[in-house]
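Commentary on secondary and tertiary structure
So you can see what is in the structure, the chains are spelled out below.
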Amino acid sequence: MRKTSMQHILIGLLAVLALPALLHAEPKKPNIVFILADDLGIGNVGCYGADRVKTPNIDALARGGVRHTHAYTAPLCGPSRALIMTGRYAFRTGATNQDATGQMKPANEKMIPKLLKPAGYVSSMIGKWGQLPLEPSDWGFDDSFRFKGSGVYWSTQEKPGRYVVNGVAKALKEKEYMPDLMHQHVVDFLRSNREKPFFLYYSMSHVHAEILRTPDSAADSKDLFADNLAYMDKLVGKLVAELERQKLREKTLIVFFGDNGTGKAQAKTSTIGGRALSGEKGSMLEGGARVPMIVNWPGVTPAGTVSTGLVDSTDFLPTLVELAGGKLPSGTVLDGKSFAWQIRGEKGAPRESVFIELARMWYVREAGWKLNEKGELFDMANAPFEEKLVAAGSRDESAQAARKRLQSTLNRLNPAGGILDRGDGTGRHANKQKKITANESPMPADALQPEPVWKTAGKPNVLFIVVDDLRPDLGCYGNTLIKTPNLDRLAARGTIFKRAYCQQAVCSPSRTSVMTGRRPDATRVWDLVTHFRTALPDTVTLPQHFKANGYHAAALGKVYHRGYEDGRSWSEPHWYPNGQTVDTDPADSTRRIVRKYGPGVDTKAESGKGPAFEVSGRKDDELPDGFTASEAVSRLHSLKSRGEPFFLAVGFQKPHLPFIAPKKYWDLYDPQIIPVPVTATLPKGAPAFAGHSNGELHSYANVPKEDPIPADFAKQLRHGYYACISYTDAQVGRLLDALEKEGLSENTIIVLWGDHGWQLGDHGLWHKHTNFELATRAPLLVSVPKQQRVGRKCEALVEFVDIYPTLADLCGLPAPQGLDGVSLKSLIEDPQGTVKKVAISQYPRGPKKAGAGPVMGYSIRNEQWRLTVWLNQKDGSTVATELYDEQNDPAETVNLADRPGQKALIEELSKYLPPVARK
Ligand SMILES: [Ca+2]
Ligand SMILES: [Ca+2]
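Let me begin by describing the structure that accompanies this report. (Residues numbered from 1 in each chain as written. Chains lettered and ligands numbered in written order. Predicted model: local features only at pLDDT ≥ 70, side-chain atom pairs only at ≥ 80, totals over all residues. Heavy atoms only, no water.)

1. Examining the overall build of the chain
We count it as follows: A run of H or I in DSSP counts as a helix once it spans at least four residues, and a run of E counts as a strand once it spans at least two, with each numbered from the N terminus. Throughout, radius of gyration means the C-alpha value; the globule benchmark is 2.2 Å times the number of residues raised to the power 0.38. Three labels apply to residues, based on accessible area from a 1.4 Å probe with only protein chains included: buried if under 20% of the type maximum, exposed if over 50%, partly exposed otherwise in between. Contact definition: two residues touch when any of their heavy atoms are within 4.5 Å. Accessible areas in this description were obtained via Shrake-Rupley with a 1.4 Å probe; residue shielding takes into account the shown protein chains only.
Secondary structure summary: the chain contains 26 helices and 33 strands in total. Taking 919 residues into account, the globule formula puts the C-alpha radius of gyration at 29 Å, and the chain, at 32 Å, falls close to it. With the principal axes as the frame, the chain shows a C-alpha extent of 115 × 60 × 55 Å. A total of 919 residues make up the chain; the buried ones form 59% of that total. Sequence-distant contacts, at least 24 apart, represent 69% of the contacts inside the chain between residues at least 6 apart. Carbon and sulfur atoms make up 54% of the accessible area of the chain, which totals about 36200 Å².

What follows is the structure, encoded as structure tokens:
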């Protein structure tokens, strides 16, 4: 029957009237119920096409809301939950593995409930809380019911079913089913908070192993896993029914999410359309990270839609905070991107890629491709069932374009520049047998070792290796592209000082500082033309101190800056790979030099007049560092038979310019996957003289004369730098092999350091010569025979002036007077400790560059900040100030010194400024 025109008018009028009313009725702040299922993959949910099971209640949520097909999170419980709760990636929070999540602190991280509280929300955490640290209340939850461990169901399980309700510890009684107790607490919470907006984080036991019978299981059940899925689904249904009963359903947003993919035991049989997924829980494959996700807010989310857009579990925090009308934390990097627009049924753009990290593995995934930390590209067209590795040299244009896009995303995120995993590489609990207490490092207990060498009789030898211009681009420092198996081998038997800083980022001042244990202002070596004996004629150098205490001290290759050798340091003339031996008159500080020549290799190509790089056709030993390694191997053999302890210093020249390495080391790298700098300009607001004009690089014959260095040439330089590091790594490997062969490993301390950092086009700069983080931070590895904690990364701030007192301490030599550093022995014993509050570096600039002065830039680095103050060396006045937030801006893109509110911080850090050194 045709409607009358009056009916039409009425309907139209009602619609007009109803529209604002509806808008008004629409709750501004939804209640939020976040259901997190444990180890539930997409192959376990009916509406995702799961073959094995029916999940009618979850499917009903999908029918009434949005089902997401491409939602991702970390493939293990703890790291995944950290992402959800903080909205930040693991390399920022440190939550890289199941134990490391425990290191997050409320001072550094804000979780969702804390951000919802100012918007008037009351929050409850019900269920599994592991492996998040502290109590839920420490992170902003007002109410909590938490159980210990995972997969807790019955009191008969091996692990006791303890749980804590708002601080009161309880034990699961016989016949009590933990999921039912949790549901009851959910009901209680809803009933008592129905008037306020609330956030309920419902972290289910299901369906984490151990898979046991449920209260509904038939006595002869053939598929307990299906029973558990059905019970979980039933609990979801009961929760929805309770919301309806409380008349809360229309005002409540439900998010249903899985914390990681299906566990290994169930993965093969959790098929979709008869096919198993690629990978499972804990893997870096689709089956690890791709999880079910349904969002349902009646009347708001467009019902029955399927979204194929990417969602990253860091997105929940900004999304929920936006919906709640809360405020996001400032001064911290959030990785999540709000999809609140999608929940409201509005237009918006989904994120372009997701980032997944576990242990030291990671990948970035976009719609059709994924690229991992090893530079492997996968075609994901047949995901989640198949992931096809694309050959490294593939000329397929879309693959090449994808590689470029994804690599640039990885470069921007720069996970290797953040907090790196210190676990065993699996991301799992490091040692299940070992009980971890709050004060203990959650690291594996090393095998019981005998007493460290410094506690035993006899003097250990010292192998002292210095590598020229080596920045911490090493595997053991978290660079996943570089191939440094031997340096990593050394690191695995020692301590990795992750935050070691040189005192001045150029050869002679830095080396002099290490060898004398004094800062550049004491040695007055700030350049390449001054000998430290000028200012400190009688100083006792590090090897000299060892020599005086019964050691045989010898030097091979570049240890001091070339031409500034020191005869008093060594027991024999200083050997160089070009066949020269150099001795200076030990009684005479004017450096009268005695030179002798023996057989050597040609080092002419090393001068600044040849090309900046060369793919060399020579063998390892036909280049200087290989020749030096051979000499060192034969010296170790002869030193062993001397019957006195030795201090053998070995200096390697590469990766100093020019980048000459045998071809096989170049062949280790596809130049396309070597990262480009995060930033190619000076920090915003930095004085121009904080940088330089790349003079050292331009001194090589084939280098374009203008800055910036063209991209293709820069790529070759970076390739050459990597090739040279791997070449030097191989030479270090020969020394380690020789120590073993000679039976010296058990009584030789090994120290390896790079003399300063290096800029590989970062800030538009090449080489060193600045006060920036990349120039001042350098590798420092110390290995002591029988040290108890090996392979540990020590995050404590240390300085190169500490090397001298450390070695003296480790070898039981008397502590020399007047050194500027401190012993790091305590950090070798306990890498979690600290020895100093700041590390200080410096760099001078002449009056021409600085425009006033000359000036000395002193750079103070503490845990988070780098303050650099440039002082006029004539009158001590401040010429410029730089302040960088190394935590939130590790690439140093913005000088914050002039920002309001930094005055107190600058004053605090300025307390560590030394008096300016007058020229
Ligand atoms: Ca899990
Ligand atoms: Ca150097």
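2. Side note on the side chain of Glu892
Using the following cut-off: Two N or O atoms form a polar contact when they lie within 3.5 Å of each other; inside protein one atom must be a possible hydrogen donor and the other a possible acceptor, and for residues adjacent in sequence the pair counts only when both atoms belong to side chains.
Relative to the helices and strands, Glu892 is located in the loop between β33 (878-885) and α26 (903-910). Look at Glu892 and you get buried, because its relative accessible area is 2%. From its side chain, Glu892 meets the backbone nitrogen of Glu773 in a polar contact 3.3 Å long. With sequence-adjacent residues up to four places away left out, Glu892 is seen in contact with Pro683, His763, Phe772, Glu773, Arg866, Tyr884 and Glu886.

3. Observations regarding the coordination of the calcium ion (ligand 2)
Convention followed: Only nitrogen, oxygen and sulfur atoms count as donors, using a 2.8 Å cut-off from the metal that widens to 3.2 Å for Na, K and Ca. Water is left out, so coordination shells may look unfilled. Metal sites are grouped by the angles between bound donors: all angles between 85 and 135 degrees with four donors is tetrahedral, opposite donors over 155 degrees apart with the others between 65 and 115 is square planar for four donors and octahedral for six, and any other pattern is irregular.
Asp468 (OD), Asp469 (OD), Cys507 (SG), Asp755 (OD), Asp755 (OD) and His756 (NE2) make up the full set of protein donors to the calcium ion (ligand 2), lying at 2.2 to 2.8 Å. Note that the calcium ion (ligand 2) binds six donor atoms; their angles at the metal cover 51 to 155°, and the shape is irregular. Donor residues binding the calcium ion (ligand 2) come from one chain and are separated in sequence as D-D-x37-C-x247-D-H. Taken individually, Asp468 and Asp469 each receive the classification buried, so the pair is uniform in this respect.

4. Re helix α21 (residues 711-741)
The condition that has to hold: A helix's residues, less one, multiplied by 1.5 Å, set its expected span.
In this model α21 runs 45 Å from its N-terminal to its C-terminal C-alpha over 31 residues, within 8% of the 45 Å that 1.5 Å per residue would give. A large share of α21 lies buried, amounting to 23 of its 31 residues. Just downstream of α21 lies Gly743, where phi reads positive at about 70°.

5. A few points about the coordination of the calcium ion (ligand 1)
For a metal with four tetrahedral donors the ideal donor-metal-donor angle is 109.5 degrees, while six octahedral donors give ideal angles of 90 or 180 degrees. Looking at the calcium ion (ligand 1), one finds its protein donor set to be Asp38 (OD), Asp39 (OD), Cys77 (SG), Asp259 (OD), Asp259 (OD) and Asn260 (OD1), positioned 2.2 to 2.6 Å from the metal centre. Of note is the calcium ion (ligand 1), whose six donor atoms meet at the metal with angles of 53 to 159° in an arrangement that counts as irregular. Written as a sequence motif, the donor arrangement for the calcium ion (ligand 1) is D-D-x37-C-x181-D-N. Of this pair, Asp39 sits in the loop between β1 (31-37) and α2 (56-63) while Asn260 sits in the loop between β8 (252-258) and α8 (264-267); the two residues are 221 residues apart in sequence, bridging distant segments of the chain. Of the two residues examined, Asp39 and Asn260, each falls in the buried class.

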